[in-house]
Amino acid sequence: MENFTDLHINDLRLNKKQFNRFLSIGLIFILFGYFYIVSPYFKYKTEEKKTNLEYETSKANMQKYTIEALKYHELSKNLKSELNRIKNEIHGFPDKLARSLDLINSGENNTSAFQQSQQSRNLNNRLGIPDSIVNYNDRVEWYINNWFEGITNDIRENIINPTIKSKLDTAIKSRNNIETLATNAIHTINDHIKSIDPDFWYSYQDGKLPVARNLEDVVEESLRPVFKEIDTIINISKNIEVDLRNKIKKDSLDIIQYNANIIKIEERIESVESPIGKIPLNLVDFVQLFPILIVILIVMLTNYIYKCVRLVNILRTKLNKMKIEKNEITFQNLTNCWFLPPYRNIFHLFMLVISVLIIVGIYILSVLHVIDHSEMFISFTGAEESFRKNLFFIAYGIGILIFFGCFWYIQKHIKSTVVADNNQL
């Protein structure tokens, strides 16, 4: 009987030793595996995913700003060409008006009413003057007003409207509103035309010439802010394009570095040893199976705790049947397990609680990482491996149930041991 008791005592010592070994190796494996492999892997994958997104966004924006810069450059070129044409037309206005006045006046110098009527009709057809206007001064006034109106319409249709219609994202980049600048320009030109003396056409040097030159200057000065703003947008777009090119280059280098870091993490797996030995897994498989390995560790620890509890009960029963004088101190020395009650040292209980919290906490973090990065279940062909993903997610859920089941199972046997011990007192 004593040999049988010694055998159980040896078994208890062996199981305590195994529990301590698996707990220590398991904690090292969990901490090392998570902080040295799992956490850095997901950190680099998150940064890589973010950088890839920024890389694609930068490429799209660069294309956008390149097109925008080209568009505004072409717009500026066309508008400047139109402005030069209009300025040339205004510049030649005095001579054109003088020729037109000669034509209009030639119709008034005919003595024959019939000939005058015919020449007036021919003149009106050439200058566009309505036949209903017969008075010389009225015809001159109509011609001048029509010419001014034509100039303003020309400016509006060929400079102002194209500027307003062609804007893209100017609200963000432009300090001023181009539409407002363009509208102000046409108002300034119209106000200047209204302020011109209607009798200016009587004199060439003191009337026609200064009016044309002033109008030319007003048109150029009024449209200067519009062209300046267009040039500003072109320069800003080009600067943004340069910045985006630099960012794309930097993101490309970062992606290469992230991939290199992930390769280094994969090499670390070779130095990891779990409680069940070396793990022949690649990086992705290791990350996916890491929570399941933690569950296996919990099951193994639960098994050793259960064996210790059972052996303690057997030894208590055997010693009682041997009717040896009960020595509680001797019995506790023989059956003492630091991870089972009664805890002689608060430090033992603290260590047990900390160990459980570390194991459960890292399990939950690892599972959340995998769930948050479900793209790791995408195959090389780009298709999602739904079955494999769901299988792992179900396994993680079962792992939580196993945790609760193990804790309940151990608590149940510990309580039964305490009840049995109290009944024997």
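Keep in mind that this is a model prediction, so the values were computed, not measured.

**A short note on the overall build of the chain**
Scanning the chain for helices and strands turns up eleven helices and two strands. Taking the contacts inside the chain whose residues are at least 6 apart along the sequence as the reference set, 80% of them involve residues at least 24 apart. Put simply, the chain shows about 24400 Å² of open surface, and 57% of that area lies on carbon and sulfur atoms.

**Section: the packing of aromatic side chains**
Enumeration according to the criterion identifies 19 aromatic pairs in this entry. On the numbers, 5.8 Å between centres and 50 degrees between planes, the contact of F377 with F392 is tilted. Here the residue F377 occupies a position in the loop between α10 (346-372) and α11 (386-424), and F392 occupies one in helix α11, the gap between them amounting to 15 residues. Chaining the aromatic ring pairs together yields one cluster made of F377, F392, F393 and Y396. Looking at R21, its charged tip hangs above the ring of F22, at a distance of 5.2 Å from the centre.

**Let's talk about helix α7 (residues 204-268)**
For α7, spanning 65 residues, the distance from its first C-alpha to its last is 93 Å, which sits close to the expected 96 Å at 1.5 Å a residue. Remark: the principal bend of α7, roughly 35 degrees, maps to R224, with a proline, P225, within the next four residues. Capping the start of α7 is the job of one residue whose side-chain oxygen sits 3.1 Å from the backbone nitrogen of D206: S203.

**Focus on the pattern of salt bridges**
Counted by the stated rule, this structure contains nine salt bridges. K45 is paired through a salt bridge with E48; the nearest N and O atoms lie 3.3 Å apart. With K45 and E48 both in helix α1 (residues 2-91) and three residues apart, this pair spans about one turn of that helix. Given the relative accessible area of 25%, K45 is considered partly exposed. We note a salt bridge from E385 to R388, for which the minimum N-O separation is 3.5 Å. For R388, a relative accessible area of 27% gives the class partly exposed. Because the salt bridges share partners, they merge into one network encompassing E82, R85, E89 and D154.

**Re a negative patch on the surface**
A contiguous patch of negative charge, built from D138, E141, D197 and D199, is present on the exposed surface. As for its position among the elements, D197 is in the loop between α6 (178-195) and α7. Given a relative accessible area of 48%, D197 falls into the partly exposed group.

**Description of the packing of helix α4 (residues 136-165) against α6**
Close contact between α4 and α6 brings their axes to 10 Å; oriented N to C, the two are set at 175 degrees. Between α4 and α6, the interaxial angle falls into the category roughly antiparallel. Along the contact surface, α4 presents F148, T152, I155, R156, I160, T163 and I164, while α6 presents I178, E179, A182, A185, I186, I189, N190 and I193. Looking at side-chain class alone, the contact of α4 with α6 contains ten nonpolar, three polar and two charged residues.

**Here's the deal with the environment of V370**
Positionally, V370 belongs in helix α10. Overall, V370 belongs to the buried group, its relative accessible area being 0%. A sequence separation of 82 residues divides V370 from Q288, and the C-alpha atoms of the two residues are 6.8 Å apart. Not counting residues within four places of it along the chain, the set of residues in contact with V370 comprises F42, V287, M376, F377, F393 and Y396.

**A closer look at the side chain of D251**
Its location among the elements puts D251 in helix α7. Contacts of D251, omitting those with residues within four sequence positions, involve T51, E54, Y55 and S58.

**Brief notes about the packing of α4 against α7**
The geometry of α4 relative to α7 is characterised by a closest axis approach of 12 Å and an angle of 10 degrees between their N-to-C directions. Taken together, the axis directions place α4 and α7 in an arrangement best described as roughly parallel. The segment α4 lies against α7, with W147, F148, I155, I159, I160 and T163 engaging V211, L215, V219, L223, V226 and I230. Among the residues making up the contact of α4 with α7, the classes are represented as eleven nonpolar, one polar and no charged.

**Some thoughts on the nonpolar core**
Ranked by internal contacts, the top residues of the largest apolar core, which has 51 residues, are Y41, L283, F290, I294, F339, L340 and I359. Of all the secondary-structure elements, those providing two or more residues to this core are α1, α7, α8 (283-321), α10 and α11. In terms of residues, this core owes the most to one element, α8, which gives 18 residues. Counting residues in hydrophobic clusters, the runner-up holds 44 residues, among them Y72, V140, V218 and L223.

**Considerations on a nonpolar patch on the surface**
A grouping of Y343, I346, F347, L349, F350, M351, V353, I354 and L357 is seen on the molecular surface, where their side chains present a nonpolar patch of about 820 Å² in accessible area. Within the fold, L357 resides in helix α10.

Rules behind the numbers
- Once a new chain begins, its residue numbering starts again from 1 and follows that chain's sequence as written.
- Totals for whole chains, interfaces and linings use all residues, but because this is a predicted model, local features are given only for residues with pLDDT of at least 70 and pairs of side-chain atoms are given and counted only at 80 or more.
- Excluded from the side-chain calculations are hydrogens and water; all other atoms, namely the structure's heavy atoms, are used.
- A run of DSSP states H or I qualifies as a helix once it reaches four residues; a run of E qualifies as a strand once it reaches two. Both are numbered from the N-terminal end.
- Two residues form a contact once any of their heavy atoms are found within 4.5 Å.
- For the area figures, the Shrake-Rupley method with a 1.4 Å probe applies, and any residue is considered shielded solely by the protein chains shown.
- Pairing of aromatic rings covers Phe, Tyr and Trp, the last counted by its six-membered ring, and requires centre-to-centre distances within 6.5 Å; plane angles under 30 degrees mean stacked, over 60 mean edge-to-face, and any other angle means tilted.
- Criterion for a charge above a ring: Arg CZ or Lys NZ at most 6 Å from the ring centre, at most 35 degrees from the ring normal.
- The span one expects for a helix is its residue count, reduced by one, times 1.5 Å.
- Note that the bend at a residue is defined as the angle between axes fitted to the seven residues ending at it and the seven residues starting at it.
- Polar contacts here mean pairs of N or O atoms no more than 3.5 Å apart (in protein, one a potential hydrogen donor and the other a potential acceptor; neighbouring residues in sequence count only if both atoms are side-chain atoms).
- Within this document, salt bridges are pairs made up of a side-chain nitrogen of Lys or Arg and a carboxyl oxygen of Asp or Glu, the two lying within 4 Å of each other.
- Buried residues are those whose accessible area, probed at 1.4 Å on protein chains only, stays under 20% of the maximum for their type, while exposed residues exceed 50% and partly exposed ones sit between those limits.
- Each patch groups residues whose relative accessible area exceeds 30% and which form no salt bridge, using 9 Å between like charges and 5 Å between nonpolar side chains of Val, Leu, Ile, Met, Phe, Trp and Tyr.
- In this count, Lys and Arg are taken as positive residues and Asp and Glu as negative ones, while His and the chain termini are left out.
- To locate a charge, take NZ of a lysine, CZ of an arginine, CG of an aspartate or CD of a glutamate.
- Angles here are taken between N-to-C directions and fall from 0 to 180 degrees, while the axes themselves are lines fitted to C-alpha atoms, restricted in helices to the stretch in contact.
- Roughly parallel means an angle under 35 degrees; roughly antiparallel means over 145; roughly perpendicular covers 65 to 115; every other angle is labelled oblique.
- When residue character is reported, Ala, Val, Leu, Ile, Met, Phe, Trp, Tyr, Cys and Pro are called nonpolar, Asp, Glu, Lys and Arg charged, and the others, Gly included, polar.
- Buried residues of nine kinds, namely Ala, Val, Leu, Ile, Met, Phe, Trp, Tyr and Cys, make up a nonpolar core once their side-chain atoms join them within 4.5 Å.

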